[in-house]
Amino acid sequence: MIKITDNNGNRYQLDGNHSLGSGGEGEIFSIGGGKVVKLYHNSKDALPDTKIAELSRLDGSIFIKPQYAVHGDRSGYVMDELNLSEYYPIYSLYAPSFAQKRGISPDYRNVLAEKVIRGVKNAHDNGIVIGDLNPFNVMVNDSLDVKFIDV
């Protein structure tokens, strides 16, 4: 079990064998209530509160962003959970047949390009450079709503 406490004093016990996903930096766990926590493999890599505050300025309609820190057995932060039954990585649309099967408008590339540019501009307008912009970190749904994750 992984024991953590958030900045609000809420305590969580997470089963280390049941992460929603794992990457080079850490793992994602559900904590309920539409929230997930990203726990870093190495707590020294966790975002400081000042960085979480900076990232809070990003547009929440476009970015899944850190909300507050957690500490304990491992460190990390809490963020909204993205519904992965609705959203998929933008690279899925590299195959036009995928878009056709889902009934997505034929001009989806232009629409998505504008939305990705809008997201990057929002970050830059807030003094933030997205260090890991790749087709696995830009999620989209059939309505062509875009969400940036893991910024």
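What comes next concerns the included structure. Being a predicted model, the structure only gives us computed values, none of them experimental.

1. Here we look at the packing of aromatic side chains
Evaluated as defined, the whole model comprises four aromatic pairs. Judged by centre distance (4.9 Å) and plane angle (25 degrees), the ring pair of phenylalanine 63 and phenylalanine 148 falls under stacked. One end of the pair, phenylalanine 63, is in the loop between α1 (49-55) and β6 (68-72); the other, phenylalanine 148, is in strand β10 (residues 146-148), and 85 residues separate them in sequence. The exposure class assigned to phenylalanine 63 is buried, which follows from its relative accessible area of 2%. We classify phenylalanine 148 as buried; its relative accessible area is 1%. Relative to phenylalanine 136, the ring of tyrosine 91 has its centre 4.9 Å away and its plane inclined at 55 degrees; by these criteria the two rings are tilted.

2. Thoughts on a nonpolar patch on the surface
A contiguous nonpolar surface patch, about 370 Å² in accessible area, is contributed by Tyr91, Tyr94 and Phe136. Within the element layout of this structure, phenylalanine 136 appears in the loop between α3 (108-125) and β9 (138-140). For phenylalanine 136, a relative accessible area of 54% gives the class exposed.

3. Quick look at the nonpolar core
Note that soluble globular proteins tend to have their nonpolar side chains buried in a common cluster. Counting residues in each nonpolar core, the largest one holds 20 residues, and the members touching the most others are Phe63, Leu93, Ile104, Tyr108, Leu112, Val140 and Phe148. Of all elements in the fold, only α3, β9 and β10 reach the threshold of two or more residues within this core. Among the elements that make up this core, the one with the highest residue count is α3 (four residues).

4. So, the environment of histidine 71
Topologically, histidine 71 is positioned in strand β6. Residue histidine 71 is classed as partly exposed on the basis of its relative accessible area of 40%. Aside from chain neighbours lying at most four places away, what touches histidine 71 is Lys3, Ile4, Thr5 and Asn7. Here serine 75 takes part through its side chain, which lies 3.3 Å from a polar atom of the side chain of histidine 71.

Parameters at a glance
Residues numbered from 1 in each chain as written. Predicted model: local features only at pLDDT ≥ 70, side-chain atom pairs only at ≥ 80, totals over all residues. Heavy atoms only, no water. Phe/Tyr/Trp six-rings, centres within 6.5 Å; stacked < 30°, edge-to-face > 60°. Helix = DSSP H or I, 4+ residues; strand = E, 2+ residues; numbered from the N terminus. Buried < 20%, exposed > 50% of the residue type's maximum accessible area, 1.4 Å probe, protein only. Patch = residues over 30% accessible without salt bridge, like charges linked within 9 Å, V, L, I, M, F, W, Y side chains within 5 Å. Areas by Shrake-Rupley, 256 points an atom, 1.4 Å probe, with all protein chains shown as cover. Salt bridge = Lys/Arg side-chain N within 4 Å of Asp/Glu carboxyl O. Core = buried A, V, L, I, M, F, W, Y, C linked by side-chain atoms within 4.5 Å. Contact = heavy atoms within 4.5 Å. Polar contact = N/O pair within 3.5 Å; in protein donor to acceptor, adjacent residues only side chain to side chain.

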